Amino acid sequence: MNIVMIGTGYVGLTSGLGFAGLGNRVACVDTDSTKIAKLDLGQTPFFEPGLEEQLKAMQESGQIVFTTELESVIDGAQVLMIAVQTPPKTNGQADLTYLDSAAEQIGRLLNHESLIVVKSTVPVGTNRHILKIIRDELTKRGKDDLVSLIRVASVPEFLREGSALQDFLAPDRVVIGADDEITFRTVEQMHEGIKSIFLRTSIESAELIKVASNAFLATKISFINEIANIVERTGADVREIARGVGLDKRIGPLFLRSGIGFGGSCFPKDVAALKSYAGINGYDFRLLNAVIEVNNRQRELFFKKIVSILGTLKGRKIGVWGLSFKPDTDDIRESAAIDIVQRLVGAGADVSVFDPKAMQNAARVLPNSVVYTTTPIDAASGAEALIVLTEWPEFRGVSFETLKSSMIEPIIFDGRNALADLDLERIGFSYFGVGLCDSHKS
Ligand code: UDX
């Protein structure tokens, strides 16, 4: 099918390349001409494993093109997908400015029967809001005959950064929110080649499934972090508790890793959006208050642990590994690692950092005093403590003997328990994790 994808961020570009890989012809549109110019050269504007290779392959096969001009591609579209950002406003509600603007532009340019698919994560009711904007624009242009031929579908994405392409190609489910058989069939046809469960539901339910899924995953994380906080006082090991709890098929082992809490552009935003959506509908989603509060406190507790062991941080040399909000991405949005580094600098520490991918993005937001190094060992060299904040696999491959001899004090605070199973105390490190039986000493 011929698809126009509006928005070339994590969701739009990954989905656009995914649909092209399924045999569809995709035209990606973005108002950011710098981003489009880079994409035209086969360069992705952010790091995502395998995406640049997919981009080059789809450009070679002629299945994907990039433009800033929607009018140059809209007439050939059977499906117009909207994957623009919906960032949170201060009150937690989603900012629909970009979405509304895309809908208005579609309404001003559309001259044929089309399906509008909203991929962006949006509050319940937004799909119908988008449809109304488009239909109103068509009416303004005297295209009343077209109004009833424009349909909308909610097809939320469940892509994780760092594994977005495989999540697209092998999803647990494809959720389709629509009103009629033709729409369901058209969306299913676009996904031909994907083996998964196709869940047909109402538009409103599809919109809610997305935020409810993320809010539940975030709840799991805050739950295991609460357990970690308990066992730091009782001497058990949260990893063993997570393993035992996760063996229950009804719970499952994933998203039970304790640490400094969740970040990223989705969980914090979607939890706040769901809480806000409940609120404007007269319901206080009390559980989510706690999920957010626990998550915010996790960073404070970890920072306090560092201070309780090291004492004053003023003038102390501290090494930091990891700045991205999770491994395999350069994304630092809502990253707990960035928050902790800012606290360290705020307390007067001399901080050196290493991250395999996110240092360029981090340098835009961190204080100028932060030193960026080219290897993990360099970041820890001469340091009185090393703080691990993102569980990049690279960190496990370091020579810990070399690390130990390069540090003034062999102390490690591990905010992701990334090195917990390496038994570093055996070679002389003092090791403090999150919710680990040995960290109750702290
Ligand atoms: C999430 C959802 O997983 C995905 O389905 C949705 O489409 C977008 O939001 P993402 O934010 O990319 O994906 O990353 P994810 O792997 O979910 O991790 C989110 C945050 O939770 C990260 O900061 C990660 O460090 C943290 N996390 C994850 C934990 O602290 N513990 C865990 O066990 C898992």
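Residues numbered from 1 in each chain as written. Predicted model: local features only at pLDDT ≥ 70, side-chain atom pairs only at ≥ 80, totals over all residues. Heavy atoms only, no water.

This part is about the state of the cysteines. Taken as a whole and judged by the stated rule, the model has zero disulfides. With no disulfide of its own, cysteine 28 lies 19 Å from the sulfur of cysteine 266, the closest cysteine sulfur. With relative accessibility at 25%, the residue cysteine 266 sits in the partly exposed group. (Disulfide = S-S within 2.5 Å. Buried < 20%, exposed > 50% of the residue type's maximum accessible area, 1.4 Å probe, protein only.)

What surrounds the ligand is a group of 19 residues, the closest being Leu159, Glu161, Lys210, Arg257 and Phe325. Contacts to the ligand include arginine 257, whose backbone N or O atom sits 2.9 Å from an oxygen atom. Within the complex, 95% of the 660 Å² of free accessible area of the ligand lies under protein. If you tally residues by element for the shell around the ligand, the top one is helix H9 (residues 203–234), at three residues. For the shell around the ligand, the residue count by class is nine nonpolar, three polar and seven charged. (Near = heavy atom within 4 Å. Polar contact = N/O pair within 3.5 Å; in protein donor to acceptor, adjacent residues only side chain to side chain. Areas by Shrake-Rupley, 256 points an atom, 1.4 Å probe, with all protein chains shown as cover. Helix = DSSP H or I, 4+ residues; strand = E, 2+ residues; numbered from the N terminus. Nonpolar A, V, L, I, M, F, W, Y, C, P; charged D, E, K, R; others polar.)

Where helix H11 (residues 267–280) meets helix H12 (residues 286–310), the closest approach of the two axes is 9 Å, and the angle between their N-to-C directions is 150 degrees. In terms of axis orientation, H11 runs roughly antiparallel to H12. Regarding H11 and H12, the two cross each other, and that crossing is left-handed. Within the contact between the two elements, H11 uses Val271, Ala272, Leu274 and Lys275 and H12 uses Leu288, Asn289, Val291 and Ile292. (Axes fitted to C-alpha atoms, helices over the stretch in contact; angles between N-to-C directions. Parallel < 35°, antiparallel > 145°, perpendicular 65-115°, else oblique. Left-handed = near helix turned anticlockwise from the far one by under 90°. Contact = heavy atoms within 4.5 Å.)

This part is about the pattern of salt bridges. Enumeration over the complete set of coordinates arrives at 28 salt bridges. Note that glutamate 104 is salt-bridged to arginine 108, the shortest N-O span being 3.7 Å. In this pair, glutamate 104 and arginine 108 both sit in helix H4 (residues 97–109), four residues apart, roughly one turn of the helix. Using a relative accessible area of 27% as the deciding quantity, one classes glutamate 104 as partly exposed. Glutamate 391 serves as the salt-bridge partner of arginine 416, at 3.8 Å between the closest nitrogen and oxygen. Of this pair, arginine 416 sits in the loop between strand E13 (411–414) and strand E14 (430–432) while glutamate 391 sits in the loop between strand E12 (385–388) and helix H16 (400–406), and the two are 25 residues apart along the sequence. Here the two residues arginine 416 and glutamate 391 agree in accessibility, since each one is buried. Here the salt bridges share partners, and the residues they tie into one network are Glu104, Arg108, Glu137 and Lys140. (Salt bridge = Lys/Arg side-chain N within 4 Å of Asp/Glu carboxyl O.)

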